[in-house]
Amino acid sequence: MLKIDLNLFQNFKCLRVLSLYGACLKELPITVDNLIHLRYLNTCNTGIKDLPNSLCNLYNLQTLILSSYITKLPANTCKLINLRHLDNSKARMKEMPPQMGKMKNLRKLYVFGVGKHDDGSNIKELGELQRLSGKLSLLNLENVQCINKDTTEVILKNKQDLSELELEWKYRHGAEDSEKERILLEQLCPHTNLNSLTITNYEGTSFPKWLGDSSFSKMVSLQLRNCDNCFSLPPLGQLPDLKNLQVECFGKISSVGPEFYGNTINPFRALESLSFQNMPEWQEWVIFEREVFSRLQKLYINDCPKLSGGVPVQLRSLTKLDISECEQLVASLPNSPDLHELLCTGKIQIPSGHHYKSLKSVRIEGGGDSILSFLPEFASLFRLEFCQCPDLVSFPSGGLCAPNLSQIVITKCRNLKSLPEGMHTHLPSLVSLQLQWCPELESFPEGGLPSNLQSLVIHKCEKLISRRMELGLQGLHSLRSFTVSNHPKELESFPEEALLPPNLTDFTIGYLPNLKSLNGKGFQPLTSLKNLRIWSCNNLDCLLEDVLPTSLCELDIYDCRLLKERYGNEEGEGRVKIAHIPRISIS
């Protein structure tokens, strides 16, 4: 950080702009008010924790940018009547100074924190700041103690230039007075020009009528988070231009139905992205009878363990569907001809007559095995992933005919015994294969792997690696990257002679606790090897320096105790023997 003696600035009484960004400062001098013409002051990225009261005498100051260490403003900040831009977005302010309503020229205020035991007067000061624009976050709303439900006070509704609003209460395990929170949210009704709204940790049992009112015709983004006391959602389908909706952590909602769509013929007519997350009691999604979600492109349903059915069937514009941790869900894939990306758990069916010729990526997690029989129809598929599918034992007879499939990832499928048949002919574009935690997998299919394969990972597949000499790896002439890891019982000496193809450029050996030596005859043919990574092999004490390929450019050793003792000292004898390798990392 740059060191600055602020006394130098006392000679520049006509100074109008002072940026201390990045300066090594912990405080501003009391005499800062001598800079009476100052218009702009930036303390960002400094160590300044407190601002002197004399700062409030800078009546011409228009822009004040605060450092991240500042927790409060001087009590007389309201005297800065010409201040237009107060950037406290990085500051750690818990409350605002009194009488801020006097700062009527203020246009930018990023965060407004409500102090403890506020009787309502502090937050009502916002009503006087009619020129506020852009983004505003109201924090610590739980501190508002006294709200008159019959009040006609205007707090936010007169701020037509606000575009983004965040309303946040501190997370609590149940509010003492949920009705008080509902009344407060009612009075925090913004102007209908608002574009984006986020409500977090609201503990009322219902939402006020303004939320979802069709008069908010410019609302494009809405996020509702951690509203655990609410029993139903507001009529958000009435928002005519809403494009992005996120609903997260509603612990008491069991059904989503007509109240969600509202009183409109074409609900959610502009919605493009919809997300439901962490709704532990949600059981039913009542589908609207008329056209709904006509423009929806992305749908996320995550961590809704009791949801049993009711996913919309007609989603013609959908390009991404993500359903995860919904164990009881029994549903059909929607009719979405433009679907590009699919992640699903639960029992997902594909109705007859539905085609997914645009599908590029499929991830099946914890279930969804019924989709397997339809995989041959996904001709445009690029990526296929299976994760934690205990019922996956084998693939459909005849294999997968996916000429464009380039990547397969299979993880934690503990009962899988075989890979798809005819991979060498049916999957000509496959370049990457990852096999992880598949203990019952014993071999590759007849004919081996596709000749174009470039990257292969075998992690924690004991039966497969025990038959490594039968896998035909040496014949994979396009293979450039190979990783073998987490095989504690096998591999005391590795790699064996004639195991790997000579064109290999990247080789990773990881967590082989019984590995005692590198096999020189296995390394000698690897004349193209550039990167060698060895990690968590604590019984390996030597690299066989004389047989390491001269092409090696990078050596990375991590968590290998004996290798670190031998090669860790840059001046040591062992390190000298490998000094010809340009980049060496030992940690």
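Each residue is numbered by its place in its chain's sequence as written, counting from 1. Reporting of local features is limited, given that this is a predicted model, to residues whose pLDDT is at least 70; pairs of side-chain atoms are given and counted only at 80 or more, and all residues count toward the totals for whole chains, interfaces and linings. As a convention, hydrogens and water are excluded, and side-chain values are obtained from all of the structure's heavy atoms.

- Under the annotation held in an unreviewed UniProt entry, the protein carries the name R13L1/DRL21-like LRR repeat region domain-containing protein and is attributed to Castanea mollissima.

Digging into the pairing of strand β24 (residues 455-459)
- The classification of residues rests on relative accessible area computed with a 1.4 Å probe and restricted to protein chains. Under 20% of the type maximum is buried, over 50% is exposed, and intermediate values are partly exposed. Note on conventions: DSSP H or I runs of at least 4 residues are helices, E runs of at least 2 residues are strands, and numbering of each starts at the N terminus. Burial runs high along β24: four of the five residues are buried.
- Paired strands, as defined in this entry, are two strands with at least two bridges between them according to DSSP. In the sheet, strand β23 (residues 432-436) pairs with β24 via five bridges, with the strands oriented parallel. Looking at the pairing, Gln-436 lines up with His-459 of β24.
- Judged from the five bridges that link them, β24 and strand β25 (residues 481-485) form a sheet pairing that is parallel. Bridge assignment links His-459 to a residue of β25, and that residue is Ser-485.

Here's the deal with the nonpolar core
- Counting residues in each nonpolar core, the largest one holds 167 residues, and the members touching the most others are Leu-167, Trp-285, Phe-293, Phe-482 and Phe-507.
- For this core, the leading source of residues is strand β8 (residues 162-168), giving three residues.
- Not counting the four nearest positions on each side in its chain, Phe-507 is found in contact with Phe-482, Val-484, Phe-494, Pro-495, Leu-500, Phe-523, Leu-526, Leu-529, Asn-531, Leu-532 and Arg-533. Buried Ala, Val, Leu, Ile, Met, Phe, Trp, Tyr and Cys residues form a nonpolar core when they are joined through side-chain atoms within 4.5 Å. Any two residues whose heavy atoms approach within 4.5 Å at even a single point are treated as in contact.

Topic: the pairing of strand β13 (residues 273-277)
- For β13, the buried fraction is high: four of the five residues fall into the buried class.
- Here strand β11 (residues 244-248) pairs with β13 via five bridges, running parallel. The partner of Gln-246 across the bridge, within β13, is Ser-275.

Observations regarding the side chain of Ser-275
- Within the fold, Ser-275 resides in strand β13.
- In terms of polar contacts, Ser-275 uses its side chain to reach the side chain of Gln-277, at 3.1 Å.
- Leave out the neighbours within four places in its chain, and Ser-275 touches Leu-245, Gln-246, Val-247 and Tyr-300. In the analysis that follows, any N or O atom pair within 3.5 Å is treated as a polar contact, provided that within protein one partner can donate a hydrogen and the other can accept it, and provided that, for residues neighboring in sequence, both atoms belong to side chains.

A word on the packing of aromatic side chains
- Only the six-membered ring of Trp is used, alongside the rings of Phe and Tyr, when aromatic pairs are assigned; centres must lie within 6.5 Å, and planes under 30 degrees apart are stacked while those over 60 apart are edge-to-face, with the rest tilted. Going through the model one piece at a time under the given rule, you end up with 18 aromatic pairs.
- Ring geometry for Phe-276 against Trp-282: centres 4.7 Å apart, planes inclined by 50°, an arrangement best described as tilted.
- Judged by its relative accessible area of 0%, Phe-276 is buried.
- Among the aromatic side chains, those forming a connected cluster through ring pairs are Phe-260, Tyr-261, Phe-268, Phe-276, Trp-282, Trp-285 and Phe-293.
- Sitting above the plane of the Phe-382 ring, Lys-360 keeps its charged end 5.7 Å from the centroid.
- Only when the NZ of Lys or the CZ of Arg is both within 6 Å of the ring centre and within 35 degrees of the ring normal is a charge said to sit over the ring. Positioned above the aromatic ring of Trp-437 is the side chain of Lys-412, whose terminal nitrogen or guanidinium carbon lies 5.1 Å from the ring centre.

Things to note about unusual backbone geometry
- Put simply, Phe-494 and Pro-495 share a cis peptide bond, and its omega is -5°.
- In this structure, Glu-325 takes a positive phi of about 55° despite not being glycine.
- Note that Glu-325 resides in the loop between β16 (320-324) and β17 (330-332).
- A residue is classified by how much of its surface remains accessible, and Glu-325, at 42% relative accessible area, is partly exposed.

A look at the environment of Lys-306
- Within the secondary structure layout, Lys-306 lies in the loop between β15 (298-302) and β16.
- Residues Lys-306 and Lys-463, spaced 157 residues apart in sequence, show a C-alpha to C-alpha distance of 37 Å.
- Among residues more than four places away in sequence, those in contact with Lys-306 are Pro-280, Glu-281, Trp-282, Gln-283 and Gln-328.
- A distance of 2.9 Å separates the side chain of Lys-306 from the side chain of Glu-281, its partner in a polar contact.

Details of the sheet that holds strand β3 (residues 63-65)
- Read from one edge of the open sheet, five strands run β1-β2-β3-β4-β5, paired in parallel fashion. Two strands in the sheet have a free side with no partner beyond their single neighbour: β1 (17-19) and β5 (108-109).
- In the sheet, β3 pairs with strand β4 (residues 85-87) via three bridges, with the strands oriented parallel. Opposite Ile-65, over in β4, you have Asp-87 as the bridge partner.

Things to note about the environment of Val-32
- Following the sequence through the fold, Val-32 ends up in the loop between β1 and β2 (40-42).
- Setting aside its immediate chain neighbours within four residues, Val-32 contacts Pro-52, Ser-54, Leu-55 and Leu-58.

Here we look at the state of the cysteines
- Here, two cysteine sulfur atoms that lie within 2.5 Å of each other are counted as a disulfide. Scanning the model with the defined rule gives zero disulfides in all.
- No disulfide involves Cys-461; its sulfur sits 4.8 Å from the nearest other cysteine sulfur, which is in Cys-438.
- Relative accessible area serves as the criterion here: at 0%, Cys-461 is assigned to the buried category.

Notes on the environment of Gly-366
- Topologically, Gly-366 is positioned in the loop between β20 (361-365) and β21 (383-387).
- With sequence-adjacent residues up to four places away left out, Gly-366 is seen in contact with Cys-387, Gln-388, Cys-389 and Pro-390.

Here's the deal with the pattern of salt bridges
- Definition used for salt bridges: Asp or Glu carboxyl oxygen within 4 Å of a side-chain nitrogen of Lys or Arg. Counted under the stated rule, the structure contains 19 salt bridges.
- For the salt bridge of Lys-306 with Glu-281, the shortest nitrogen-to-oxygen distance reads 2.9 Å. Of this pair, Lys-306 sits in the loop between β15 and β16 while Glu-281 is found in the loop between β13 and β14 (284-285), placing the two residues 25 residues apart along the sequence.
- Glu-281 gets classed as partly exposed once you look at its relative accessible area, which sits at 30%.

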